[in-house]
There are 2 protein chains.
Amino acid sequence: MATIKDVAARAGVAVGTASRVLSGSPQTSPDSRSRVLAAAAELGYIANGPARSLRRARTDVLGLLVSDIRNPFFSELAHAAEQEARAHGYTVILANANEDAAQADAVLDVFASQRIDGLLLSPQGPKTPRLEALLASDLPIVLLNRSIEGVDAPLYGTDNAGGVAQALKWLQRRGHRDVAFIGGPETFSTGAERHDAYLAGREAHGICTDDALVDAGDFLADGAAEAMLRILDRGALPTAVFGANGQTTLGAMRAVHERLGAEAASLIEFVSFDDVEWFAFMSPPVSAVKNDAPEIGRAGVRGLLALINGGTATSQRIATTFIDRSAGSAA
Amino acid sequence: MATIKDVAARAGVAVGTASRVLSGSPQTSPDSRSRVLAAAAELGYIANGPARSLRRARTDVLGLLVSDIRNPFFSELAHAAEQEARAHGYTVILANANEDAAQADAVLDVFASQRIDGLLLSPQGPKTPRLEALLASDLPIVLLNRSIEGVDAPLYGTDNAGGVAQALKWLQRRGHRDVAFIGGPETFSTGAERHDAYLAGREAHGICTDDALVDAGDFLADGAAEAMLRILDRGALPTAVFGANGQTTLGAMRAVHERLGAEAASLIEFVSFDDVEWFAFMSPPVSAVKNDAPEIGRAGVRGLLALINGGTATSQRIATTFIDRSAGSAA
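Residues numbered from 1 in each chain as written. Chains lettered and ligands numbered in written order. Predicted model: local features only at pLDDT ≥ 70, side-chain atom pairs only at ≥ 80, totals over all residues. Heavy atoms only, no water.

- Within an unreviewed UniProt entry, the label attached to chain A reads LacI family transcriptional regulator, and the organism entered is Glycomyces artemisiae.

Here is the structure:
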């Protein structure tokens with residue numbers, strides 16, 4: 001286990017300087033702060049440093065790192081997490097990674113230096129050294145929404161395979177054969193799980209297996225619009241489009257409207273992983289896999305509080321529900 | 001000016017206990033923490049306490065308290081603020097007040113005890129004692145979106161009167177006379193300013209001045225739906241509905257669809273203060289006053305950084321733009 005001497009040596013500073021940085025003293029320069037924090041992260045020093053003392057300080061504050069605060073999935077999750085935490089006497093402070101591992105690392109530095117009792121973390125792709133150090137510390141941590149390869153912290157996420165199966169059944173019932181699928185990044189477990197479930201299930205649901213109809217964006221609207229245009233450029237003319245998250249559906253819809261015009265676009269049915277309140281009023285209305293973001297947030301908080309109180313927490317996949325808004329549906 | 005002895009006396013604890021609480025020591029009970037923090041808030045002690053030392057610690061962290069993280073206006077503002085801060089080497093930690101002054105106070109306690117260099121604050125109605133104490137401290141603070149009566153911190157907000165004027169011009173151009181207006185809470189400056197500008201301007205734009213057509217919700221969808229139903233219950237049959245923020249427009253639309261059915265609802269034009277990406281694909285498309293949330297967030301960060309660096313900051317009202325999506329418009 002690394003000691004403060006190891007950290008100071010690696011950072012090229014005096015032990016006193018390293019100690020001041022790690023205890024959050026104001027009497028440090030930005031340069032030494034960044035060197036010491038980087039060295040501590042590389043060496044996993046945090047395990048016996050600030051994290052443990054933070055934990056003992058019992059601040060009744062939880063940290064929550066979300067992937068994209070503009071994505072309603074995460075803002076609803078954050079809101080529910082904060083209400084659940086509040087019911088237990090905790091306040092939540094939030095930070096946004098903006099789907100960017102470097103930004104996530106900067107936030108993890110801040111959370112490590114602030115006084116929090118535990119961390120709810122929605123990861124951006126694979127482990128970084130910073131994240132690895134934090135996971136190795138004894139700060140209680142649960143993962144939200146996405147898993148990380150090689151990390152066994154409790155995960156509170158969506159039943160992605162179940163949600164995709166609901167959409168596939170709906171596509172089959174609606175008689176769609178030429179379906180465009182716009183996925184998310186394969187490096188996110190949510191992107192990979194939804195993509196894999198779609199590819200594995202489409203044939204059994206009577207959907208064309210031509211891979212020209214499948215593409216992927218970045219889970220944001222612009223990347224999804226580009227993916228949709230690539231599908232149209234390959235000459236495919238889908239009767240339905242399945243967006244792997246809400247922002248993906250938005251981008252795909254925008255691309256279809258721009259390329260084909262509103263009239264032709266209105267003949268294409270959209271189905272979305274993630275429900276959006278406005279879907280009911282679209283033309284035609286959009287059906288959706290309702291991803292229970294609030295319940296994921298609440299379950300994550302309950303799991304984290306169990307860890308903070310010395311108990312154990314078990315991963316949970318929260319079921320989705322399907323909102324059928326197609327013509328002739330009961331809804 | 002209150003001293004730590006005053007705080008201890010008011011809290012009914014020893015001076016050493018008060019000191020430990022205020023310096024964030026772990027060796028304090030929840031009971032004494034809450035009593036000392038309450039006493040410090042009531043006495044405005046924070047002015048010379050943790051806030052000053054926090055400020056000197058230069059953590060390169062900014063706090064941002066938003067009113068409602070599920071409202072895209074605030075999530076976009078938060079995202080832009082965080083990107084601007086990041087460009088200047090700062091990380092932003094966020095908290096959500098959920099349009100609730102008590103929850104805002106809990107968050108302000110946390111921000112006061114965490115190490116932040118400055119605070120961006122979107123207020124919930126009038127001053128609370130907690131907020132008053134923080135404003136009296138020397139922690140640099142700017143207000144976002146909403147002003148507070150009797151507080152002269154720099155405010156970065158929207159040109160509400162200008163935005164309402166854009167919507168009024170559009171309503172007149174579209175020939176609407178019977179317009180329903182759903183406002184927000186009068187206790188929020190944004191609610192009051194939009195409401196006042198609408199009432200002051202409607203007659204000059206040929207809009208019916210019958211107050212049966214005017215009601216207000218809580219800036220959330222459910223409250224707005226109730227307000228819309230009250231208007232319909234009074235026997236009014238508007239040809240257009242103006243929602244004073246995005247969530248208000250959503251609630252009003254839901255109420256109109258539920259009460260009148262999709263076909264009759266599609267004959268009513270909606271115009272919204274706050275633009276939403278999905279508006280382009282509604283039936284009919286919704287026109288909107290685009291409230292420049294990202295620029296408000298960026299301007300707020302620039303103002304706060306000026307204060308942190310010992311300079312001055314000047315309030316700014318950011319102009320809105322009008323997005324005309326009506327049939328026959330160029331867009």
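Read on, since the account is not over.
## Brief notes about the overall build of chain A
Thinking step 1. On a plain count of helices and strands, chain A comes out with 12 helices and 12 strands.
Thinking step 2. Its C-alpha atoms give chain A principal-axis dimensions of about 70 × 40 × 30 Å.
Thinking step 3. Relative to its 331 residues, chain A shows a buried fraction of 59%.
Thinking step 4. In chain A, the share of contacts with a sequence separation of at least 24, taken over all contacts with a separation of at least 6, comes to 68%.
Thinking step 5. For chain A, the exposed surface amounts to about 12400 Å²; the carbon and sulfur share of it is 50%.
Thinking step 6. Counting 30 positive and 39 negative side-chain charges, chain A places the averaged centre of each group 7 Å from the other. (Helix = DSSP H or I, 4+ residues; strand = E, 2+ residues; numbered from the N terminus. Buried < 20%, exposed > 50% of the residue type's maximum accessible area, 1.4 Å probe, protein only. Contact = heavy atoms within 4.5 Å. Areas by Shrake-Rupley, 256 points an atom, 1.4 Å probe, with all protein chains shown as cover. Lys, Arg positive; Asp, Glu negative; His and termini not counted. Charge placed at Lys NZ, Arg CZ, Asp CG, Glu CD.)

## Digging into the domain arrangement of chain A
Thinking step 1. What the domain assignment reports for chain A is domain 1 (1-43) and domain 2 (160-292).
Thinking step 2. Centre-to-centre separation of domain 1 of chain A and domain 2 of chain A, based on C-alpha positions: 48 Å. (Domains from an automatic or database assignment.)

## Concerning the interface of chain A and chain B
Thinking step 1. Between chain A and chain B, the residue contacts involve 48 residues of the former and 48 residues of the latter.
Thinking step 2. Here chain A meets chain B over a buried area of about 4400 Å², counting both sides, of which 58% is carbon and sulfur.
Thinking step 3. Considering only the surface of chain A that becomes buried against chain B, Arg115, Trp278 and Phe281 of chain A emerge as the three largest contributors, covering 19% of it.
Thinking step 4. Inspection of the region where chain A meets chain B yields zero salt bridges.
Thinking step 5. For the side of chain A that touches chain B, the class distribution of residues is 20 nonpolar, 16 polar and 12 charged. (Buried area = accessible area lost by both parts, 1.4 Å probe. Salt bridge = Lys/Arg side-chain N within 4 Å of Asp/Glu carboxyl O. Nonpolar A, V, L, I, M, F, W, Y, C, P; charged D, E, K, R; others polar.)

## Description of the packing of helix α5 (residues 72-87) of chain A against helix α12 (residues 293-308) of chain A
Angle between the axes and distance between the axes: these two values describe a pair of packed helices.
All names here are of chain A.
Thinking step 1. In the contact formed by α5 and α12, the axes pass within 7 Å of each other and the chain directions differ by 40°. By the angle between their directions, the pair α5 and α12 is classed as oblique. Crossing angle aside, the handedness with which α5 passes α12 is right-handed. Touching Phe73, Glu76, Leu77, Ala80, Ala81, Glu84 and Ala85 of α5 are Ala293, Pro294, Ile296, Gly297, Arg298, Val301 and Arg302, all from α12. (Axes fitted to C-alpha atoms, helices over the stretch in contact; angles between N-to-C directions. Parallel < 35°, antiparallel > 145°, perpendicular 65-115°, else oblique. Left-handed = near helix turned anticlockwise from the far one by under 90°.)

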